[in-house]
Amino acid sequence: MIHELGKTNSIFNQFLSEVRDEKIQQDRMRFRRNMERMGEIFAYEISKIMPFREKEVITPLGTAHMQVLAQQPLLATILRAGIPLHQGLLNFFDQADNAFISAYRKYDADEDFVIKLEYVSSPSPKNRILVISDPMLATGGSLVAALKGLIEKGKPAEIHVVSVLASLEGIEFLKKSFSKYKMTIWTGAVDDELTAKAYIVPGLGDAGDLAYGNKEDEK
Ligand code: PRP
Ligand code: URA
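Residues numbered from 1 in each chain as written. Chains lettered and ligands numbered in written order. Predicted model: local features only at pLDDT ≥ 70, side-chain atom pairs only at ≥ 80, totals over all residues. Heavy atoms only, no water.

Novice: Would you mind going over the packing of helix α1 (residues 11-20) against helix α2 (residues 28-47) with me for this structure?
Specialist: Each pair of packed helices gets described by two things: the angle between the helix axes and the distance between those axes. At their nearest, the axes of α1 and α2 sit 9 Å apart, and the two run at 150° to each other. Of the possible angle classes, the one that applies to α1 and α2 is roughly antiparallel. Classified by chirality, the crossing of α2 by α1 is left-handed. Every residue of α2 that contacts α1 at Ile11, Phe12, Phe15, Leu16, Glu18 and Val19 is listed here: Arg30, Phe31, Asn34, Met35, Arg37, Met38, Ile41 and Phe42. Residues belonging to the contact of α1 with α2 are distributed by class as follows: ten nonpolar, one polar and three charged. (Axes fitted to C-alpha atoms, helices over the stretch in contact; angles between N-to-C directions. Helix = DSSP H or I, 4+ residues; strand = E, 2+ residues; numbered from the N terminus. Parallel < 35°, antiparallel > 145°, perpendicular 65-115°, else oblique. Left-handed = near helix turned anticlockwise from the far one by under 90°. Contact = heavy atoms within 4.5 Å. Nonpolar A, V, L, I, M, F, W, Y, C, P; charged D, E, K, R; others polar.)

Novice: Explain the site of ligand 2 to me, please; I cannot follow it from the model alone.
Specialist: The full set of residues close to ligand 2 is Arg105, Met136, Ala138, Ala198, Tyr199, Ile200, Gly205, Asp206 and Ala207. One of the backbone nitrogen or oxygen atoms of Ile200 is found 2.8 Å away from an oxygen atom of ligand 2. Taken together, the residues of the shell around ligand 2 break down into six nonpolar, one polar and two charged. (Near = heavy atom within 4 Å. Polar contact = N/O pair within 3.5 Å; in protein donor to acceptor, adjacent residues only side chain to side chain.)

Novice: Quick question: what am I supposed to make of the environment of Asp134 here?
Specialist: Looking at the secondary structure, you find Asp134 in the loop between β7 (129-133) and β8 (136-137). Look past the residues within four positions of Asp134 in its chain and what remains in contact with it is Ile78, Leu85, Ser142, Leu143, Val162, Ser163 and Val164.

Novice: Is there a simple way to think about the packing of aromatic side chains in this case?
Specialist: Any pair of aromatic rings gets described here by the distance separating the centres and the angle formed by the planes. Summed over the entire model, instances satisfying the criterion amount to three aromatic pairs. Their ring planes at 80° and their centres at 5.3 Å tell us that Phe12 and Phe42 sit as a pair that is edge-to-face. Here Phe42 lies in helix α2 and Phe12 lies in helix α1, a separation of 30 residues in the sequence. Each of the two residues, Phe12 as well as Phe42, counts as buried. Stacked on the ring of Tyr181, the Lys or Arg Lys155 has its end atom at 5.4 Å from the ring centre. (Phe/Tyr/Trp six-rings, centres within 6.5 Å; stacked < 30°, edge-to-face > 60°. Buried < 20%, exposed > 50% of the residue type's maximum accessible area, 1.4 Å probe, protein only. Lys NZ or Arg CZ within 6 Å of the ring centre and 35° of its normal.)

Novice: Explanation requested: the site of ligand 1 in the structure shown.
Specialist: Neighbouring ligand 1 are 17 residues; Arg105, Asp134, Thr139, Gly140 and Ser142 lie closest to it. Taking Ala81, its main chain carries an N or O atom lying 3.0 Å from an oxygen atom of ligand 1. In isolation ligand 1 exposes 500 Å². Once the protein is present, 95% of that is buried. Mapped by element, the contributors of at least two residues to the shell around ligand 1 are β5 (97-107), β8 and α4 (141-151). Counted by class, the shell around ligand 1 contains seven nonpolar, five polar and five charged residues. (Areas by Shrake-Rupley, 256 points an atom, 1.4 Å probe, with all protein chains shown as cover.)

Novice: Honestly, the pairing of strand β3 (residues 62-69) in this entry has me stumped. Any pointers?
Specialist: As a general feature of sheets, a regular strand has side chains that alternate between the two faces. Of the pairings in the sheet, the one linking strand β2 (residues 52-59) to β3 comprises eight bridges and is antiparallel in character. Residue pairing across strands places Lys55 opposite Met66, the latter belonging to β3. Counting the residues between successive antiparallel strands, the hairpin from β2 to β3 contains two residues. (Pairing = 2+ DSSP bridges.)

What follows is the structure in C-alpha cells.
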C-alpha cells in the first residue's frame, strides 16, 4: 500500500515545493524545518489508521468520552538526513520509543558505492508498529539495510516507511525485500528517474548535505 500525499493538494505541497527549490533549499534552517513540518503531517496521516481506545476524560464541567491512541509507535530513522523528518514525527507521536540507525553510502575511487551499516540503537521492535523515516528512498539500499538491522532484534507487527521523495526502483526493492511483512509506504511524491549516481530526478539533491553540510568523504 502506497500513500502519496502530494497527490492531494494541501499545505504539504508548499513544504515539498520549498525543499525541492534550489534557491529556497539553500537556507538550511528552513530546509530542516520543512522536513520537520512534513514529518508532522505524515504523523497525522499515519495516526488515522492506528488503533484507538476509548478514554473517559474529566473536564471542569463533566466527562468526555474520547478516543485516544491505543499505543505509541516505535519511531526509527537513518542518520543523518532522517533527523529533521524524525523530529516532526516525534512532535506528534510524543511518547514514542526511538531507534537510530547509521547507514550511509561509502563511495570508492570509481564512484561506485556500498551501503555501510554501522550501528542500530533500538529497543526490540517485536510486535510493535514500526515507523521508519528517511527523506529519500532512491535505490532503497539504505532503508532495506536499516530495516534488516532492526528486524534482527524482533519482528514488528507492521512497518510504515516514510520518505519525502521516493523512486519507483526504491519502492520495488523495498516491496520485494519485505514481501512477508505488512508494509505501508508514505511518500510526498514518486519521481520515476535515478541518475547514474543514483540520485532521484527531479528530486531535491542531497538531503543530508542540505540539512547539515557536506561530508568529508563525498565526491
Ligand atoms: C541519503 C538518504 C538516504 C539514502 C537514500 O543518505 O538520506 O539514507 O541517501 O539512498 P538509497 O535509497 O539509494 O540508499 P546518505 O547516504 O547521503 O547519507 P547522509 O544522510 O549521511 O547524508
Ligand atoms: N540521497 C539523497 O540525499 N538524494 C538522492 O536523490 C538520493 C540519495
